[in-house]
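# Chains, contacts and geometry: an overview
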Amino acid sequence: MKIDLHTHSILSDGTCEPKEIVDKAKSIGLDCLSITDHDCIRANVEVGEYAASLGIQYVNGVELSTYSNQEIHILGYCFDEDNAQLLDKLNYFEKKRRERAETILDRLFDVGVKLDRDKLPTDSASVGRLHIAKLMVNEGYAANVSEAFDRYLGPKGKAYFPSKRITPMQGVELISKAHGLAVIAHPSRLVQRNLLSSLIDGLKPFGLEGVEAYYPTHDDGLRGMLLSLAKRHKLIATGGSDFHGENRNVELGSVNYNLDAYTASKLGIKITK
């Protein structure tokens, strides 16, 4: 069974329309898909029924950007898309991202980088530094995205402005209260810093349900460790490519995700083969 539970559309920082991702999924034989845009759930409304019409099981998804000493992303699945608290918070995130982008553009202008603001995407709920970096490249102010971040947009850059984010506990609780399943995304850095086990212990009381065990940068050893950790803590083990279209050199459905029965039952996925 071919599954990808971590993808991004143009509604956040990907380059494909939501339905385009579904069409790609169909063309490569994906059986199950989730679009997990950053702090945005609009793709789920657009493609849930469309995916089903093509014979693809669809799991609604989101990826929340949280911060506590370091950036920690929380994936959410199977939540109530009409939950008022979740919708209010996502609207707040979108507003704050746009305010931050405007502040960064003002700071860039002050150091001589005069960008055409009208060229930033208007359909993205999570417009941010990557969009600005790509615009800088397109308008000749940076040779590539890395240079734009190094010189201007990163923490030591001339136009850096910090974002205001919720904590991982708040993110997990937000998903849990919307009757969803909260999952720690791409945890390799947390493993490297020996922080994952303590983070799991701290987040479980707030509703943590899983950890992303299958990911493009996870080797067999790390994957095995994460699967053992998930089993020990009675967590689901999710997986996906973190597909971003042209913004990241990773193909849709490229992660070999071995879905276990417990995770499938929690996510409502029917194992077909």
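Relevant structure appears above.
Below is a short write-up of the structure.

Parameters and conventions
- Residues numbered from 1 in each chain as written.
- Predicted model: local features only at pLDDT ≥ 70, side-chain atom pairs only at ≥ 80, totals over all residues.
- Heavy atoms only, no water.
- Helix = DSSP H or I, 4+ residues; strand = E, 2+ residues; numbered from the N terminus.
- Rg over C-alpha atoms; globule rule 2.2 N^0.38 Å.
- Buried < 20%, exposed > 50% of the residue type's maximum accessible area, 1.4 Å probe, protein only.
- Contact = heavy atoms within 4.5 Å.
- Areas by Shrake-Rupley, 256 points an atom, 1.4 Å probe, with all protein chains shown as cover.
- Lys, Arg positive; Asp, Glu negative; His and termini not counted.
- Charge placed at Lys NZ, Arg CZ, Asp CG, Glu CD.
- Polar contact = N/O pair within 3.5 Å; in protein donor to acceptor, adjacent residues only side chain to side chain.
- Axes fitted to C-alpha atoms, helices over the stretch in contact; angles between N-to-C directions.
- Parallel < 35°, antiparallel > 145°, perpendicular 65-115°, else oblique.
- Nonpolar A, V, L, I, M, F, W, Y, C, P; charged D, E, K, R; others polar.
- Pairing = 2+ DSSP bridges.
- Patch = residues over 30% accessible without salt bridge, like charges linked within 9 Å, V, L, I, M, F, W, Y side chains within 5 Å.
- Salt bridge = Lys/Arg side-chain N within 4 Å of Asp/Glu carboxyl O.
- Arc of directions from axis to C-beta.
- Phe/Tyr/Trp six-rings, centres within 6.5 Å; stacked < 30°, edge-to-face > 60°.

### A closer look at the overall build of the protein
A count of helical and extended segments in the protein gives 10 helices and 8 strands. Relative to the compact-globule value of 19 Å for 273 residues, the protein shows a C-alpha radius of gyration of 19 Å, a close match. For the protein, the C-alpha atoms occupy an extent of roughly 55 × 40 × 40 Å along the three principal directions. When each of the 273 residues of the protein is scored for burial, the buried share is 49%. Of the contacts formed within the protein by residues at least 6 apart in sequence, a portion of 71% connects residues at least 24 apart. For the protein, the computed accessible surface area is about 12900 Å², with 47% contributed by carbon and sulfur atoms. Charged side chains of the protein number 34 positive and 37 negative; the gap between the two group centres comes to 5 Å.

### Description of the side chain of Thr7
Inspection of the secondary structure assignment puts Thr7 in the loop between β1 (3-4) and α1 (18-27). A distance of 2.8 Å separates a polar side-chain atom of Thr7 from the backbone oxygen of Ser34. Filtering out sequence-adjacent residues up to four positions away, Thr7 remains in contact with Ile21, Leu33, Ser34, Ile35, Thr36, Asp37, Ser241, Phe243 and Leu252.

### So, the packing of helix α4 (residues 129-138) against helix α5 (residues 145-153)
α5 packs onto α4 with a crossing angle of 110° between their chain directions and a minimal axis gap of 9 Å. In this view, α4 runs roughly perpendicular relative to α5, as classed from their interaxial angle. When α4 is examined against α5, the residues Arg129, Leu130, Ile132, Ala133, Lys134, Met136 and Val137 are found in contact with a partner set consisting of Val145, Ala148, Phe149, Tyr152 and Leu153. A class-by-class count of the residues in the contact of α4 with α5 yields 10 nonpolar, no polar and 2 charged.

### Focus: the side chain of Thr263
Checked against the element boundaries, Thr263 lands in helix α10 (residues 261-267). A polar side-chain atom of Thr263 sits 2.8 Å from a polar atom in the side chain of Asp260. Residue contacts for Thr263: discarding those within four places in its chain leaves Ile236, Ala237 and Tyr257.

### Section: the sheet that holds strand β3 (residues 57-58)
Spatially, β1-β2-β3 is the arrangement adopted by the 3 strands of the open sheet, whose pairing is parallel. What marks the edges here is a single partner per strand, and that holds for β1 and β3. One ladder, built from 2 bridges, connects strand β2 (residues 32-33) with β3; its direction is parallel. In the strand pairing of β3, Cys32 is matched with Gln57.

### Observations regarding a negative patch on the surface
A surface patch of negative charge is lined by Glu17, Glu20, Asp23, Glu46 and Glu246. As for its placement among the helices and strands, Glu20 is situated in helix α1. What makes Glu20 partly exposed here is its relative accessible area of 35%.

### Thoughts on the sheet that holds strand β4 (residues 61-67)
Judged by pairing direction, the sheet is mixed, and its 5 strands sit side by side in the order β4-β5-β6-β7-β8 without closing on themselves. The open sheet has two edge strands with one neighbour each: β4 and β8 (236-239). Each neighbouring strand pair of the sheet contributes to a mean axis angle of 35°, computed without reference to strand direction. Across the sheet, helix α6 (residues 168-177) lies against β4, β5 (71-77), β6 (181-184) and β7 (208-214), angled at about 155° from β4, the strand it touches most.

### Thoughts on the environment of Val127
Note that Val127 resides in the loop between α3 (84-110) and α4. For Val127, a relative accessible area of 3% translates into the label buried. Taking C-alpha positions, Val127 is 6.4 Å from Arg98, a pair spaced 29 residues apart along the chain.

### Topic: helix α2 (residues 42-53)
Buried within α2 are the following residues: Ala43, Asn44, Val47 and Ala51. One side of α2 holds all its buried residues, which, seen down the axis, span an arc of 100°. What points out from α2, more than 90 degrees from its buried face, is the exposed set Val45, Glu49, Ala52 and Ser53. In this structure, the buried residues of α2 make contact with α1, β3 and β4. Residue Gly55 follows α2 closely and has a positive phi angle near 85°.

### Side note on the packing of aromatic side chains
Under the definition given, this model contains 2 aromatic pairs. Relative to Phe93, the ring of Tyr92 has its centre 6.2 Å away and its plane inclined at 55°; by these criteria the two rings are tilted. Using a relative accessible area of 36% as the deciding quantity, one classes Tyr92 as partly exposed. Overall, Phe93 belongs to the buried group, its relative accessible area being 5%. Between Tyr214 and Tyr257 the ring centres are 4.9 Å apart and the planes differ by 50°, which places this aromatic pair in the tilted class. With a gap of 43 residues between them, Tyr214 in strand β7 and Tyr257 in the loop between β8 and α10 connect regions that are remote in the sequence. By relative accessible area, which is 6% here, Tyr214 ends up buried.

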